[in-house]
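Structure assessment
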Amino acid sequence: MSLTVSNDLLDQAKAGEVDDAAFVACVRDSLPYAWSVISELVRQRTLTGAEFADNTVPPPDETARGQLLRCLASDSMRGALERHFGVKLAFQNCHRVAVFDPAATAAHAEFVTARSQILNQSPELVDC
């Protein structure tokens, strides 16, 4: 299961729209590794003022890898985190998460090209 959903949040969803803050809190609590990677990248990008910050360190285990995959493969989770942090997220392989300043359209466009994906490949990442 991707998320551990409280009864209150489930009731909110059944009744209509889900509050973004409540959904973000659910993602944070359910996927702590993914949250920590993304929030640290946001912090780094903010401190440096760079167009983007990215993670090149593989997850410590399959549980952590699964959290990143679930979080970034979900349009709703990705969108909620982008709104929450005020960034654009991108993802390559099984761990290279990047957070972009929303105005960094050229840097983001380059990161998501087939060329960048191919250049990011290495033998260590075969089974990711």
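Here, every reference points to the structure presented above.
Note that this is a predicted model, so its numbers are computed, not measured. Positions within a chain are numbered from 1, following the residues in the order the chain's sequence is written. Where local features are concerned, this predicted model is filtered to residues with pLDDT of at least 70; where side-chain atom pairs are given and counted, the filter is 80 or more; whole-chain, interface and lining totals use all residues. Only hydrogens and water are set aside; all other atoms, that is, all heavy atoms of the structure, feed into the side-chain values.

**Overview of the nonpolar core**
One finds Val27, Ile38, Leu81 and Val99 to be the most contacted residues of the largest nonpolar core, which totals 26 residues. The secondary structure listing takes helices from DSSP runs of H or I that are at least 4 residues long and strands from runs of E that are at least 2 residues long, numbered from the N terminus. For this core, the secondary structure elements donating two or more residues are helix H2 (20-30), helix H3 (32-48), helix H4 (62-73), helix H5 (75-85) and strand S3 (96-100). If one sorts the elements of this core by residue count, H3 sits on top with 7 residues. Among the nonpolar cores identified, the runner-up in size contains 6 residues, and Ala98, Ala104, Ala107 and Phe111 belong to it. In these notes, a set of buried Ala, Val, Leu, Ile, Met, Phe, Trp, Tyr and Cys residues joined through side-chain atoms within 4.5 Å is what counts as a nonpolar core. Exposure is judged per residue with a 1.4 Å probe applied to protein chains only, and the accessible area is read against the type maximum: over 50% gives exposed, under 20% gives buried, and values in between give partly exposed.

**Focus on the packing of aromatic side chains**
Aromatic pairing here means that ring centres of Phe, Tyr or Trp (its six-membered ring) are within 6.5 Å. Orientation follows from the plane angle: under 30 degrees is stacked, over 60 is edge-to-face, and everything else is tilted. Tallied over the entire structure, the rule returns 2 aromatic pairs. An angle of 25° between the planes, with centres 4.9 Å apart, marks the rings of Phe52 and Phe100 as stacked. Within this pair, whereas Phe52 is found in strand S1 (residues 52-54), its partner Phe100 is found in strand S3, the two being separated by 48 residues in sequence. When its relative accessible area of 31% is taken as the criterion, Phe52 is described as partly exposed.

**Here we look at the side chain of Glu82**
The residue Glu82 is located in helix H5 in this model. Taking the relative accessible area as the measure of exposure, Glu82 reaches 15% and is therefore buried. Whether two residues are in contact is decided by their heavy atoms: any pair within 4.5 Å suffices. Discounting chain neighbours no more than four positions away, the residues touching Glu82 are Val87, Lys88 and Leu89.

**Digging into the environment of Leu72**
Checked against the element boundaries, Leu72 lands in helix H4. Non-local contacts of Leu72, meaning those with residues more than four positions away in its chain, are made with Ile38, Arg78, Leu89, Phe91 and Val97.

**Describing the sheet that holds S3**
Spatially, 3 strands are ordered S1-S3-S2 in an open sheet, and the strand pairing comes out antiparallel. Both outer strands of the open sheet, S1 and strand S2 (88-92), are each paired with one neighbouring strand and no more. Going from strand to strand, the sheet's axes swing by 20° on average, the running direction of each strand aside. When DSSP locates at least two bridges between a pair of strands, those strands are taken to pair. Of the pairings in the sheet, the one linking S1 to S3 comprises 3 bridges and is antiparallel in character. Residue Ala53 lies in a different strand from S3, and its bridge partner there is Val99. Interaxial angle, 0 to 180 degrees, is taken between N-to-C directions of lines fitted to C-alpha atoms, where a helix line uses only the stretch in contact. With respect to the sheet, H3 is in contact with S1, S2 and S3, its orientation differing from that of S3 by roughly 45°. Against the sheet, H4 engages S2 and S3, with an angle of about 130° to S2.

**Things to note about H3**
Every helix has an expected span of 1.5 Å times one less than the residues it contains. For H3, with 17 residues, the first-to-last C-alpha span of 24 Å sits near the 24 Å given by 1.5 Å per residue. Among the residues of H3, those classed as buried are Tyr33, Ala34, Trp35, Val37, Ile38, Leu41, Val42 and Arg45. In the core, the buried residues of H3 are packed alongside H2, S1, H4, H5, S2 and S3.

**Here we look at the packing of H2 against H5**
H5 packs onto H2 with a crossing angle of 110° between their chain directions and a minimal axis gap of 10 Å. Of the possible angle classes, the one that applies to H2 and H5 is roughly perpendicular. For the pair H2 and H5, the crossing hand works out as left-handed. Contacts between H2 and H5 involve Asp20, Phe23, Val24 and Val27 from the former and Ser76, Met77, Ala80, Leu81, Arg83 and His84 from the latter. In the scheme used here, Gly and all other residues not listed as nonpolar or charged are polar, with Ala, Val, Leu, Ile, Met, Phe, Trp, Tyr, Cys and Pro taken as nonpolar and Asp, Glu, Lys and Arg as charged. Class assignment for the residues of the contact of H2 with H5 results in 6 nonpolar, 2 polar and 2 charged. Oblique is the label for every angle not falling under 35 degrees (roughly parallel), over 145 degrees (roughly antiparallel), or within 65 to 115 degrees (roughly perpendicular). Each helix crossing is assigned a hand: it is left-handed if the near helix lies turned anticlockwise from the far helix by less than a right angle, otherwise right-handed if that turn is clockwise.

Just distances and angles here, no functional claims.
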